[in-house]
Amino acid sequence: MADTKRETERKYETTGETRLPDLTEVAGVSSVEDRGVMELDAVYYDTDDLRLAADSVTLRRRTGGDDAGWHLKLPVSPGVRDEIRAPTAATVPDPLAELVRSRTRGALLTPLVRLRSSRDVRHLVGARGELLAEVSVDSVTAERIGAQGATAHWTEVEVELADDGDPAFLDAVEKKLRAAGLRPAAWASKLAKALADTQPSPPQKKPKKAEEPKKAKRAKRAKDEQSASPAPTAGDHVLTYLRQQYDTLVAHDPAVRRDLPDAVHRMRVATRRLRSTFRTYRKVLDRTVTDPVAGELKWLARELGADRDQEVLDHRLRSRIAALPRPLVLGPVDARLRIWSVPRHHGSRHEVVAVLDSERYLDLLTALHALLADPPLLPAASRPAPKVLSKALRKDYARLAARMERALALPPGEDRDLALHKARKAAKRTRYAADAAGPALGKSAQRFAKRVKAVQSLLGDHQDSVVSRDALRELAVQAHAAGETAFTWGLLYGQEEAAAQTRERELPQAWAQASGPKLRAALGD
């Protein structure tokens, strides 16, 4: 069974003359305890093309020390990683293999690098005897596994914050270490340095004959002209945005498997952004290639969203109930809500994980990776970004404007609710298009995206109210049939109806701000 530890650490380069300073002079440190030297031996695994290393993910099997076994480290933020551990086994344990599946996509994990470290450990202890941080001086030998194996040697200092420690303490330690001549390491992990230092050397080229001075100058000028970076094209911007969403999708796969908060929602949003971008920028990427992938993204979003939608609805109803004065909560309201909601959950996380383990999902990831590696670019992709992206954005805006005008012209009722829901979908697509175009179009597109997001939020809350009223009516019917009072459900229905009316009154002003002439002009309208 795998367990998880949040690891917050910093690494520092050393030289032969480096000596640790007196760390009792760091504020809060009462004593420094020498914990002795331990010998560590770890073998790191990856695919042949280093898919884990490319995402700063490390997977190793370690012997020695007090945490021998398999360790998977997933990046959280700079200097912070989640370390998931599993007992020693001959092969990669299934729980860890599953957590890297979105990155390996079925490729074999094989031994890559062996690191042997002699670790001299010290504990920084506070006045109450509590551990503040662990400081270690690691003498490392790295060996590349394989026929062209190479070795490297270095020494580094590592400072790891104690569990639940204040990251500001690491700043105080770093200040002391810097004063002693240590500098933050250029590498994020031992594996990253080992890969760089044991990289097989490329074949040596024969030296060229010395060029004549004039010829050398002409060659240098031509080289400088070639190295001048041209302005990013429309294709460059669209692909950058798509790669960001793909990376988000892949990175949240293990978070969903670990049942981390909001992971399903973020993964679902990434699928929507990918699909929306394919549709908006169809003049940049060939739809005959992107449409099948977009169809599979729609499938994935639907599978991820079934239980998520029910969770959002449950939370909204429970929040409404909790906000009521107790005298107005009549009958077994909490029990009735549980009876109603449980059958509507679709197997929860287990079914979602089954989707992530399916061949269909892995095929989708492989197709996305291949598409981004060799994108099906159309002629518009090579054109200047502002013109191409603003034209696509204006089309999405026009669709949104038509839907908003139609919805706002309708009288309150079911037809208007449906029209506002369609406008919400158009607002979401327009916002995603503006996000993708933002780096090319500048602050005008960013302001536009912000205003459209405000409209989308109002439309979203309105739709949530529509869905909630349907649920409340059903709950009232069930309560009545069971001989319970339906008073509380009727009261909540009235609150949701009033909330929807408030959103409808707020929409015209929000839409006017998002569709003002200055913003439209900034987008080339």
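Residues numbered from 1 in each chain as written. Predicted model: local features only at pLDDT ≥ 70, side-chain atom pairs only at ≥ 80, totals over all residues. Heavy atoms only, no water.

1. A short note on the side chain of Ser390
1) Next: Looking at the element boundaries, Ser390 is found in helix H13 (residues 385–409).
2) Next: For Ser390, a relative accessible area of 10% gives the class buried.
3) Next: A polar atom in the side chain of Ser390 sits 2.6 Å from the backbone oxygen of Pro386.
4) Next: In this structure the side chain of Ser390 is engaged in a polar contact, spanning 3.2 Å, whose partner is the backbone oxygen of Lys387. (Helix = DSSP H or I, 4+ residues; strand = E, 2+ residues; numbered from the N terminus. Buried < 20%, exposed > 50% of the residue type's maximum accessible area, 1.4 Å probe, protein only. Polar contact = N/O pair within 3.5 Å; in protein donor to acceptor, adjacent residues only side chain to side chain.)

2. Here's the deal with unusual backbone geometry
Across residues other than glycine, the phi torsion is negative in most instances, and most of the peptide bonds are trans.
1) Next: Residue Ser56 is not a glycine yet carries a positive backbone phi of 60°.
2) Next: Looking at the secondary structure, you find Ser56 in the loop between helix H1 (51–54) and strand E3 (58–63).
3) Next: Of note in this structure, Asp164 is not a glycine but carries a positive phi near 65°.
4) Next: Within the fold, Asp164 resides in the loop between strand E8 (151–161) and helix H4 (168–179).

3. Observations regarding the pattern of salt bridges
1) Next: What the rule picks out here adds up to 49 salt bridges.
2) Next: In this structure, Arg114 engages Asp41 in a salt bridge whose closest nitrogen and oxygen atoms are separated by 2.4 Å. Of this pair, Arg114 sits in strand E6 (residues 110–125) while Asp41 sits in strand E2 (residues 31–46), placing them 73 residues apart in sequence.
3) Next: Taking the relative accessible area as the measure of exposure, Arg114 reaches 29% and is therefore partly exposed.
4) Next: Residue class for Asp41 comes out partly exposed when judged on its relative accessible area of 21%.
5) Next: For the salt bridge of Asp67 with Arg62, the shortest nitrogen-to-oxygen distance reads 3.1 Å. Taken individually, Asp67 and Arg62 each receive the classification buried, so the pair is uniform in this respect. (Salt bridge = Lys/Arg side-chain N within 4 Å of Asp/Glu carboxyl O.)

4. Re the pairing of E8
1) Next: Of all eleven residues that make up E8, eight are buried, and the element is covered over most of its length.
2) Next: Pairing between strand E1 (residues 3–13) and E8: five bridges, direction antiparallel. Opposite Glu9, over in E8, you have Glu160 as the bridge partner.
3) Next: Here strand E7 (residues 131–144) runs beside E8; their pairing, made up of eleven bridges, is antiparallel. Each bridged residue has a counterpart across the sheet, and for Glu143 the counterpart in E8 is Thr151. (Pairing = 2+ DSSP bridges.)

Limitation: the analysis is restricted to geometry and does not speak to function.
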